[in-house]
Amino acid sequence: MGVTDGGNAGGSPVPPFVSVVVPLLLLTSLTAVPLVGPGPNIIRLLFVTLTLVTASVGWNLIGGFAGQISFGFAVFYGLGAYTTALSINGGIPPVIAFSLGAVVAAVASLLIGLPTFRLKGPYFAIATIGVSEAVRVVMMNVPFTGGASGYRIIDKTRFVQSHHYYTALALAALAVGISILVRRSKLGLALIAIREDQDAASDLGVNPFIAKLIVHALAAALAAAAGGVYARYSLFIDPDGVFAFRNGVAILLMPIIGGVGTIWGPVIGAFVYGLIHEEVVANFPQAHLLIFGSLLILIILFEPGGVVGLFQKFMRSIRARSSVGAHS
Amino acid sequence: MSSSSVHRLLQRSVGLLHVLAIAIAVLVLVSPVWAQDEIKIGVVMPITGREAKPGQYQREGIELAIKQINDGGGILIKSREKKLPIKEVFYDDGSDQSRSAGMAERAMSSDGVVAVIGGYSTALGEAESVMPDRYQTPWITPGAGATTTFSRGYEFVFGTLSPIDLLGYTTAQYLGTLVDKGKLGKGLKIALALENTDHGVEYGRGIDNWNKEHPGYFNVVFSEKFELGATDFSGLLQKVKNAHADIFLADAHLQDYITMHRQYIQSGMYHQMISYGARGPEADARKALGAATDYIFAGIWWSSKLAYPQVKKFNEDYQAFTGHAPDSWYPATAYDAMRVLAQAIEHAGSLDKTAIRDQLRKTELKNSILPGQVIRFGKNGQIQGSFVIVQNKPDDKVDIVFPLDAATGESVAPKPKAH
Amino acid sequence: MSAADFLNLFIAAVLLAGVYAAMSVGMTIIYGVMKIVNLAHAGFLMLGAYFVFEAYDRFKIDPLLGALLAFPVFFFIGMGVHWLLVRRIATSDQPTLTSLLLLFGVWLVLQNLGYLIWGNSDRAILTPRTLSSLEIGPISFPTVRLAVFVVAVASLVGLEFVLHKTWFGRSVRALMQNKEAGQIVGVNVSRTAQIAFGVGIAFAGAAGGLLAMLYSFNPDFGASFQLRAFVIIVLGGLESFGGVAVGSLILALAETFVILILPASYQPAIAFSLLVVALIVLPEGIAGLWAKRRRWA
């Protein structure tokens, strides 16, 4: 499905040392941000962006590595948000609450994946929309979680923004770590084989079904954790908010912007979406849809491989030039 | 690795570090600097998305108030010994609750606002209401009336929209007066169709409360919730038909009001009294339904027909400012929210947010355009104002029919069967 | 519930199915020929609605006529969008992410254009036809829904005619069945694709105009219809027009009658649950079932 390969498969133009130094630099700078006192708005922006990174990296596991394009990841995000909210109100400590949300979503992903993975391309995508919307409508009606009125977390503790920030940062780092691990493992190779040609892969002894189920569960768990972290910050969630179709679309847009199927593509895409989208909305109340839509169109027309694709082309042209230089 | 490739590597790392640093610096700098000579007030309203129209009207009400205040030089701040103008910091939340919360947080945490007015509709209001206490910044909502928002013990949360269950209660109360006057029989059956939101739920609860306090007047024989934005209400209307009720009370947003009432008319239904909750006299509905809107009544927070002189002046000013007449109640609660805020700021004598909040708790806006002519926040931050019931009359006319001391015309009940 | 009531509900469902079919056909054409899921479909529904509204409001053109006029206008708009944007992205046998993202961007742009040009008021078209009903005994047909149904069916029939009797139609069917084989026998792929896209958008615009006669709308309009269109074309089989008709009917009947048992607030869940169940039982949609039958016969 028109995805570019990236990351560190053989012959990559990115020297391995850079691919360690840059992420470490990024992590260090992000950790340092609250300490230099940039103000609560920047921290909020980065916080939201980091939760988006987690969801984006998660989606990429199934959508990018395995090529199974899901439009319905809002359902996992929402399940994570609600499970976390209910748990925190029940007195459960936040980290366990996030994990509970992840588990619930992973189970849901099995229930969803089992019947739908045998569907081909667009049918699968549309089925995921159906599931996501059906869950949203059901949640709008279930009185236990507040139905359409939404659900509140009662949090008596003092609000310390940096706690939430570091939680999101840790989760994002964990997500990227999982992504790298999966990519470099046998599972990762199997997924890429499945993505390119599922039947050939199974001929080679890979069980596509099991592989997809596993990675779908991981992806769902990450998206749910992101939802949970967000819920704990904003304290109020409602089905039309967290389960919105628009969320599912955003979660899939981010890896596409950054470069789907790569390790860092989803991260970059989340930063672009999280930071630029919000700034555009805040500064151009009358024209933000136009601006963001045009941005998307331009990205797609000029570099469908996303930011990472652009970077790879750039690196390749440098290498070509340097190897030409070496010969002369 | 060769020394030249290490060199290139370092160059690139440094380059990337530069880019990162610049990016963060830009973000920091982009945050607005604290301007000393104006009073910044955040306004977070939907002007796109589902709630775009009412959000737009509320914004206009706020901006009219700001303009009038600034035309007089601004608000007198004792600690600065001069009048300072108001600067509006506006954000569109796109009818999206997470954006609504984010924008309110942004305004409160880094735009240097002294207060935020925002939250049209309960969901957006609930989302925003988390922020005022977090950032110790007063917040007034002119568009979210659910009591749940005000029952959490928040200290910085205020609302100029009276509770929605009181709206339902007043609707039933009005119908009760019609029974007392002999226009409607006793023991009539009511069918309720409520939108599946906080609004619909509270509206239904208000009606139930009145019925419990006044047994013998009405009987609710059917009550069901429907999802917003449906393409077809045939099934629901069939159920309403099957209930054989005398009175049909729905609570809906404008789009559903139009779709549902069209299908109601097309299937030849009739009830003695019909209402769509807080919707009825909207100009857009009149354009979409024509004479089918006649005799529909609505319980709303304000009507331009109120006979107070300050309402007449507001109507003129609003028309001049926006080029159109006030639509239903939307701009009024927002207009007065800004005015009561300005009064509280003046009484506080400074731009200290907690002082402003303390004043909001005590202040009374005496020439309010809302029913009752005075705004005073209750202990929980919400005003307990009164409502008006309006009834559409032929030829695009609207009459206030309740309370009787504000009435501009007679109730027509039961609705004529003619159409 | 009496027999008359039941019949009235059934009629209501059938008329609704006409509306649904009209709005789904556009997506089917584009998907069938180019394997692109048109996420901007909702945006063109919205523009079609405003087009018919302006024609009625300014020039007093009857909305039914306006909807028919929308066909040629949106055909050229569609061809233009294809020439400007769509032809520049690679297509393949499977829907590509790039096409999804491109059209989603187009949808955002169209929405904003709508807000900039028309503001955020809810508009509606009110004609004498809107509130009247045709009474035949105890059965009543809301006139406007009947009119929309007739136009929708006529346009579907017209489309079937074009597909089977014109060179363009044959090219389209060839490409839908097998793109490479179509090229081998001489079908001009890019030309056909451009025209197909134009036709798809033409149907979207006209359908939007028809919808404008029934519902109020603002620039946000179309999203819920688009989701239903997804359900319908998948139910019916992504590449079959007869399937679209069947899918629309099933969805409309389900939505109308299930409400009698379930609370109305669950109505949207019906469409989606139906979709999921159908896909599990029939992975290729209902048309897949037909195709299988034909193969066995």
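Residues and elements named next belong to chain B. Examined at the domain level, chain B breaks down into domain 1 (39–162 + 306–376) and domain 2 (165–300 + 388–406). One C-alpha centre belongs to domain 1, the other to domain 2, and the line joining them spans 29 Å. Contacts between domain 1 and domain 2 engage 15 residues on the former and 15 residues on the latter. Here domain 1 is connected to domain 2 by zero salt bridges. The interface formed by domain 1 and domain 2 contains six residue pairs in polar contact (both at pLDDT 80 or more). A breakdown of the residues in the side of domain 1 that touches domain 2 according to their chemical character gives six nonpolar, five polar and four charged.

Now for the sheet that holds strand 7 (residues 157–159) of chain B. All names here are of chain B. Read across the open sheet, the five strands follow the order 4-1-5-6-7; overall the sheet is parallel. Of all the strands in the sheet, just strand 4 (86–92) and strand 7 have a single pairing partner and so form its edges. In this sheet, adjacent strand axes meet at a mean angle of 25° when their direction is disregarded. Here strand 5 (residues 115–118) runs beside strand 6 (residues 139–141); their pairing, made up of two bridges, is parallel. Looking across to strand 6, one finds that Ile117 is bridged to Ile140. Set on the sheet, helix 3 (residues 97–110) makes contact with strand 1 (39–45), strand 4, strand 5 and strand 6; between it and strand 4 the angle comes to about 155°.

Another point: the interface of chain B and chain A. Interfaces are often sized by the accessible area lost when the parts come together. With 42 residues of chain B in contact, the opposing surface of chain A contributes 42 residues. Of the roughly 3,700 Å² buried at the junction of chain B and chain A (both faces included), carbon and sulfur atoms supply 59%. Taken together, the links from chain B to chain A amount to five salt bridges. Of the charged contacts in the structure, one is a salt bridge between Arg136(A) and Glu227(B), with a shortest N-O distance of 3.5 Å. The tally of links from chain B across to chain A stands at 14 residue pairs in polar contact (both at pLDDT 80 or more). Every element with two or more residues in the side of chain B that touches chain A is listed here: helix 1 (3–30), strand 4, helix 3, helix 4 (122–128) and helix 5 (131–135) of chain B. Take the side of chain B that touches chain A: its biggest share by element is ten residues, from helix 1 of chain B. When grouped by side-chain class, the residues that make up the side of chain B that touches chain A number 18 nonpolar, eleven polar and 13 charged.

Rules behind the numbers
- Residues numbered from 1 in each chain as written.
- Chains lettered and ligands numbered in written order.
- Predicted model: local features only at pLDDT ≥ 70, side-chain atom pairs only at ≥ 80, totals over all residues.
- Heavy atoms only, no water.
- Domains from an automatic or database assignment.
- Contact = heavy atoms within 4.5 Å.
- Salt bridge = Lys/Arg side-chain N within 4 Å of Asp/Glu carboxyl O.
- Polar contact = N/O pair within 3.5 Å; in protein donor to acceptor, adjacent residues only side chain to side chain.
- Nonpolar A, V, L, I, M, F, W, Y, C, P; charged D, E, K, R; others polar.
- Pairing = 2+ DSSP bridges.
- Helix = DSSP H or I, 4+ residues; strand = E, 2+ residues; numbered from the N terminus.
- Axes fitted to C-alpha atoms, helices over the stretch in contact; angles between N-to-C directions.
- Buried area = accessible area lost by both parts, 1.4 Å probe.

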